Amino acid sequence: MRVLLQIPCLVEDCLPEIGLAAVAVLERLGFDVEHPVGQTCCGQLAYKTGDVSAARALAKRMFDLFPGPDPVVSPSGSCAKMLRTYPQLFRRGTTDYARALELAGRTYEFCEFLASQPAMSRLSPTLRTRACLHRSCQLDGSDAPARVLGQVRGLTLLDPARPDRCCGFGGLFSVQFPSVSEALLEEKVDEILATQPDMIVTAEPSCLMNIGGYLARQGGKVPVLHAAQVLAKALGDSPWTA
Amino acid sequence: MTPRAFRESCAKAAHDARLRAILDSSTRHFQETRSAEMDAFADREIHFARARAARLAALSRLPALLETLERNAEAAGTKVHWARDAAEARRIIADIARGCGAKVIVKGKSMVSAEVDLDPALVAAGAEVWETDLGQFIVQLADEPPSHIIAPSIHKSRQDVAALFRDKLGLAVEDDGEDIPGLTMLARRALREKFLAADMGVTGANMAVAETGSVILVENEGNIRMSTTCPRVHVALMSLEKVVATLEDAASLLRVLPRSATGQKMASYVSVLSGPRRPGETDGPEEAHLVLLDNGRSKVMADPVLREALLCFRCGACLNSCPVYQTVGGHAYGSAYSGPIGALLTSLLLPPEDTRDIPYGCTLCGACKRTCPLGIDHPRLMLRLRERICGGRPPLLGAAHSFLARHPLAYRFAVGAARAVDPHLDLLPRLPGLGGLSEFVDSRHPPELKTPFTKQLARRKKSKERA
Amino acid sequence: MSRDAARTDILFALHQGLSDAPPEAVAVPDKPASIPVGPDAWERLNAFYESLGVRLRLAKTPAEAATLVAETAREHKAASYVRWNDLPDGLAAACDAALAGLERLDAAKRADLARADMGITGAQAAFLDSGSIALSAAVDRQRAASLLPPMHVCLLPRKVLLPDISALPELLRGCRDAKGLPSCLNLVTGPSSTADIELMLVRGVHGPGVLEVIGLDWE
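Residues numbered from 1 in each chain as written. Chains lettered and ligands numbered in written order. Predicted model: local features only at pLDDT ≥ 70, side-chain atom pairs only at ≥ 80, totals over all residues.

Asks: For this particular structure, what's the right way to read the overall build of chain C?
Replies: Helices and strands together make up the secondary structure of chain C, namely six helices and twelve strands. Reported as C-alpha extents along the three principal axes, the dimensions of chain C are approximately 70 × 50 × 45 Å. Among the 219 residues that make up chain C, the fraction classed as buried is 50%. Sequence-distant contacts, at least 24 apart, represent 76% of the contacts inside chain C between residues at least 6 apart. (Helix = DSSP H or I, 4+ residues; strand = E, 2+ residues; numbered from the N terminus. Buried ≥ 20, exposed ≤ 12 C-beta atoms within 10 Å, placed from the backbone. Contact = placed C-beta atoms within 7 Å.)

Right, here's the structure in full:
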């Protein structure tokens, strides 16, 4: 079965290892992974700034890049959410609206997609580690990352004290309200580190960049990884970092 | 007090360790109490849905319901007034005060009276004005705005309160305020005098019932009962969207409101007021007034997305759940309304030039939406406000990014150039004119620009083919 | 006239806004079934009262009820009281007799209400899902009797116990007369309280700090 891989702009140029890990995992599960060339941005930055017409233009690009009927899988909860928001950008009854609805109906966040695949557990992914999960708010409370990582033998999944609390990134927010953003990030990291994890795992690249960047500044040694990277390693694939 | 300074106020608050400690403990306390009650609330989703339906039904028939409310309220002996804006509301109520020769006015907690800045107008009409909700009383003495919908003085310690009672009221306070019940009793005695001497009581209204012309008020302290029982004249000031059609609708809301606000099954006192005292009764007001306030709401009703903000029944739960509110508190918003719903209402009711930053002070995490019993989609409304502010004229950097994103070759060229020049992003984020990006990389090590995924994937494919 | 202008402007603007973008119809889920009033009604009420700091005691006869009222007065060292004239089953006279040692003040006089140690009322209803007691104002049922004195003693007949607040509309409509609804219906759920200073719960801030309920456990 074929899947189309949506790669967030952040992953394309700054975190390519996440994309490679996602491909490795999907291929191990027997999928034929196609990566449409020419992807740039899903439009969420424009949309969240309030530039809806730019978001519309970028959405239309995506209709052409990801023709049906194959499912679209994204290693970013926020990009998947944006793709599922495309219908709200267009007026009902128009062709664009129909295309948006059609695309939204077959878009999956990476863990969400895996959680529905029985093949995963049959492969006995194994990794002895204590992994603290950052449940990105961009996944709207989905427990798919926890369910998928829960299938990894030897992996102890930890939750910070307030698992559902935002890490403070919020895209533009981190740049326009830097002190508040940093205050939230500091509290999130304190709660995560209090669980004494071997690693931190998340399904959202922007949160990963936010938390990982902060830890690097603090001289922290705990690696911050995407769920795809953890699964790739657990399935025995190397390299799981580029 | 203005929301113009929102960004600076947020930065200041984020660095105020004392404020943050108070906000942390109080929002946690509210959340824990509420969540314990919600867990025990049988059929809670159905009750939430019924409450939402009651509010939606009211909004969808708002003008007709207001006319019905007016008719039934007047039949019960209440005088109904209409105020298009804050100035009109102030004038109407000040006229009532002057008309009854009011020298002492007692007030129940009313956000809408703060919205229209009522108190100075009443003072100008020749009266002493006393806030009687304990938290409001405290911030009135401190000459500060309230910092939370449910607990206005949450930012004040017992020592702060003791000092206020000593300095502003001349009361003898023992132990520097250690004894909170003692402090509370001092306030009770002081305000009791005012209730008994008051000519007029001014309150808000939690809701009004069109079917019966009744005003419903919910409280724990008893100050609203005092303000609507002792003085000769009662004025209820209500924002016009708070009317509901029937007593059944009111009961649906009353099932949910106290639980969502303070985690109580029911507040200590609910007053259902239908007109002034009847002939032969010896307490209750002789004159009852209801002032219906528009102040921008009818305009909001015209936007099918944004009008959802008017469903709100002011439980305050979204404030306690919001990571931004938890960090900066209520004063930072510079408005009578704070937190997620406050950000929306402030942006909708105040001039756009004063509120440009407010909808951006949100990470869109959705905690508010998940908590709201009425299902208000705050993030969606926040984005709609951003769309209005952007107005088709995006900021330069945003426009540049969108342009590049629509032209993949130009995009790849730009990224490639950046990677060639500054792959560790040491220099680019620190260029002038990029706002908080520089602060961002102060606290976070920036990501590296690496060999792009597309290229690495192609290499991997090639090496697999060779193998 | 300015009032009419404001009214017209507001209603016009609202009509305009709604007709430009009519709202969608809303489905209302059915009200969940209420737990009916059963033989365990008093226990259910008491479960709330314990956490609210309210004492509930039961009386099997009016004489017992009056005795409990007198005991309460003694415990709290009350020297004076006001009461509703409208009390069930001859309890007005019975209470007066039992409280002979106290000064009886006039519930129709503000000054008396303000200095009474105790206010005695009946009740028009109570809701078992929250412990709320409904008091509707009338000529012989003063609002301030349950508000001004520091202690409120409520005589609650078993026959007015109702399942929950969904009974409120029927209750209010039942109280209606030629002139309409009662001028005031109060739902009282526990004593007056606040937590505005450092979130510490304090009882008796403006209303009574003590609420004593005497259940009239007879037909």
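Asks: In this structure, what is going on with the overall build of chain B? I would like to understand it.
Replies: When its secondary structure is counted, chain B shows 22 helices and ten strands. For chain B, the C-alpha atoms occupy an extent of roughly 100 × 55 × 45 Å along the three principal directions. Pairs at least 24 residues apart make up 74% of the contacts formed inside chain B by residues separated by at least 6 positions.

Asks: Got a minute to help me understand the interface of chain B and chain A in this structure?
Replies: By a widely used convention, the size of an interface equals the accessible area lost when the partners come together. Contact with chain B, which involves 54 residues of that partner, is made by 55 residues of chain A. Elements supplying a minimum of two residues to the side of chain B that touches chain A: α1 (6-14), α15 (323-328), α17 (367-371), α18 (378-390), α19 (396-406), α20 (408-421), α21 (437-443) and α22 (453-466) of chain B.

Asks: Just to check I follow, could you spell out the sheet that holds strand β5 (residues 207-209) of chain B for this structure?
Replies: Backbone-to-backbone hydrogen bonds join strands into a sheet, with any given pair of strands oriented parallel or antiparallel. Read from one edge of the open sheet, eight strands run β8(B)-β5(B)-β6(B)-β9(B)-β9(C)-β6(C)-β5(C)-β8(C), paired in mixed fashion. Strand pairing shows two members of the sheet lacking a second neighbour, β8 (243-244) of chain B together with β8 (161-162) of chain C, which therefore form its edges. Looking at chain direction, strand β9 (residues 269-273) of chain B and strand β9 (residues 184-188) of chain C are connected through five bridges and run antiparallel. Residue pairing for β9(C): V272(B) is matched across the bridge by L185(C). Contacts between helix α12 (residues 247-262) of chain B and the sheet are confined to β5, β6 (214-219), β8 and β9 of chain B, with β5(B) contributing the most and set at about 160° to the helix. (Pairing = 2+ DSSP bridges. Axes fitted to C-alpha atoms, helices over the stretch in contact; angles between N-to-C directions.)

Asks: Hey, could you run me through α22(B) in this one?
Replies: For an α-helix, 3.6 residues make a turn, and residues three or four places apart therefore share a direction. Its 14 residues place the ends of α22(B) 20 Å apart at the C-alpha level, agreeing with the 20 Å of an ideal helix rising 1.5 Å per residue. Taking burial as the measure, the 14 residues of α22(B) include one buried ones, a minor fraction of the element. (Expected span 1.5 Å × (residues − 1).)

Asks: Quick question: what am I supposed to make of the environment of A54(A) here?
Replies: Assignment of secondary structure puts A54(A) in helix α4 (residues 52-65). Residues A54(A) and T85(A), spaced 31 residues apart in sequence, show a C-alpha to C-alpha distance of 14 Å. Look past the residues within four positions of A54(A) in its chain and what remains in contact with it is A46(A), P394(B) and S402(B).

Asks: So what exactly am I meant to see when it comes to the sheet that holds strand β6 (residues 153-158) of chain A here?
Replies: All names here are of chain A. Here we have four strands laid out as an open sheet, ordered β6-β5-β7-β8, and parallel in their pairing. The open sheet is flanked by β6 and β8 (224-226), the only strands paired with a single partner. Direction aside, neighbouring strands of the sheet carry axes that sit 40° apart on average. Looking at chain direction, strand β7 (residues 199-202) and β8 are connected through three bridges and run parallel. Bridging from a neighbouring strand, V201 pairs with L225 of β8. On the sheet, helix α12 (residues 205-217) packs against β5 (126-134), β7 and β8 and is oriented at approximately 165° with respect to β8.

Asks: What is the right way to read helix α9 (residues 158-169) of chain B from this model?
Replies: Residue and element names in this part refer to chain B. Here α9 contains twelve residues, and its C-alpha end-to-end distance of 16 Å stays within 8% of the 16 Å for a straight helix at 1.5 Å per residue. By the burial criterion, the buried members of α9 are V161, A162, L164 and F165. Buried positions in α9, seen along its axis, are confined to an arc of 160° and lie on one side of it. Its buried side turned inward, α9 meets α8 (134-141) and α10 (180-197). Immediately beyond the C-terminal end of α9, within one or two residues, lies G170, with a positive phi of roughly 65°. (Arc of directions from axis to C-beta.)

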